[in-house]
Each structure stands twice: as structure tokens, then as C-alpha cells.
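Given next are the chains, with one letter for each unit.
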Amino acid sequence: MLGIRLLLGLVGIVLVLTLLGYTVSRDPRWLRLAGIGLKAGLALVVILMLLYLLERVLIAL
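Now for a quick tour of the structure. (Residues numbered from 1 in each chain as written. Predicted model: local features only at pLDDT ≥ 70, side-chain atom pairs only at ≥ 80, totals over all residues. Heavy atoms only, no water.)

Glancing now at helix H1 (residues 2-25). Relative to the 34 Å expected for 24 residues at 1.5 Å per residue, H1 spans 34 Å between its end C-alpha atoms, a close match to the ideal helical length. Along H1, the residues classified as buried are Val-11, Thr-18 and Gly-21. Buried-residue contacts for H1 involve helix H2 (28-60). Of the residues one or two after H1, Arg-26 is the one with positive phi, at around 55 degrees. (Helix = DSSP H or I, 4+ residues; strand = E, 2+ residues; numbered from the N terminus. Expected span 1.5 Å × (residues − 1). Buried < 20%, exposed > 50% of the residue type's maximum accessible area, 1.4 Å probe, protein only. Contact = heavy atoms within 4.5 Å.)

Put into C-alpha cells, the structure is as follows:
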């Protein structure tokens, strides 16, 4: 569980840093990197929720 929190925290830190980088330099490459980080974070959340759902279904059987 700690590893999952660390991964989600790392994704959040990457998003903040990329948006700060865009604010300072106005280079659109920062926004592209922020988009990749956001997609990775959302994919991680979806995978975790699917695993949680699978666990609940298996417990119910």
C-alpha cells in the first residue's frame, strides 16, 4: 500500500513540476510532459480500481 501511495505521490510531484516549468518558460513541451504524467496517473488509478473490484468479486465467491 505504501508503494502505491508513493507512485501516486510521484505522479503528483511530476505534474506540479511540469506545470511550474511551463509557467516559467512558456515552452509547450512542458505541457506535453504534464499530459503524459496525467495519463500515467489516471492509468495507475484505473488499474488499481480494477484490481480492487476483482478482489471484491473473488471474496464474494
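This structure, assessed with the given rule, holds 1 salt bridge. A salt bridge links Asp-27 to Arg-29; its shortest N-O distance comes to 2.7 Å. (Salt bridge = Lys/Arg side-chain N within 4 Å of Asp/Glu carboxyl O.)

A separate point is a nonpolar patch on the surface. Among the surface-exposed residues, Val-46, Ile-47, Leu-50, Leu-51, Leu-53, Leu-54, Val-57, Leu-58 and Leu-61 lie close enough to one another that they form a single nonpolar patch of about 930 Å² accessible area. Here Ile-47 lies in helix H2. (Patch = residues over 30% accessible without salt bridge, like charges linked within 9 Å, V, L, I, M, F, W, Y side chains within 5 Å. Areas by Shrake-Rupley, 256 points an atom, 1.4 Å probe, with all protein chains shown as cover.)

A few words now on the packing of H1 against H2. Closest axis-to-axis distance for the H1/H2 pair is 8 Å, and the angle between their directions is 160 degrees. Here H1 lies roughly antiparallel to H2, going by the angle between them. Handedness of the crossing formed by H1 with H2: left-handed. Packed against H1, whose contacting residues are Ile-4, Leu-7, Leu-8, Val-11, Leu-15, Leu-17, Thr-18, Leu-19, Gly-21, Tyr-22 and Ser-25, the element H2 presents Pro-28, Trp-30, Leu-31, Leu-33, Ala-34, Gly-37, Leu-38, Gly-41, Leu-44, Val-45 and Leu-48 at the interface. Partitioned by chemical class, the residues of the contact of H1 with H2 number 17 nonpolar, 5 polar and no charged. (Axes fitted to C-alpha atoms, helices over the stretch in contact; angles between N-to-C directions. Parallel < 35°, antiparallel > 145°, perpendicular 65-115°, else oblique. Left-handed = near helix turned anticlockwise from the far one by under 90°. Nonpolar A, V, L, I, M, F, W, Y, C, P; charged D, E, K, R; others polar.)

Relative to the elements of secondary structure, Thr-18 occurs in helix H1. Look at Thr-18 and you get buried, because its relative accessible area is 3%. With near-sequence residues (within four places) excluded, Thr-18 lies in contact with Trp-30, Leu-33 and Ala-34.

None of the figures reported here should be taken as evidence of function without further support.
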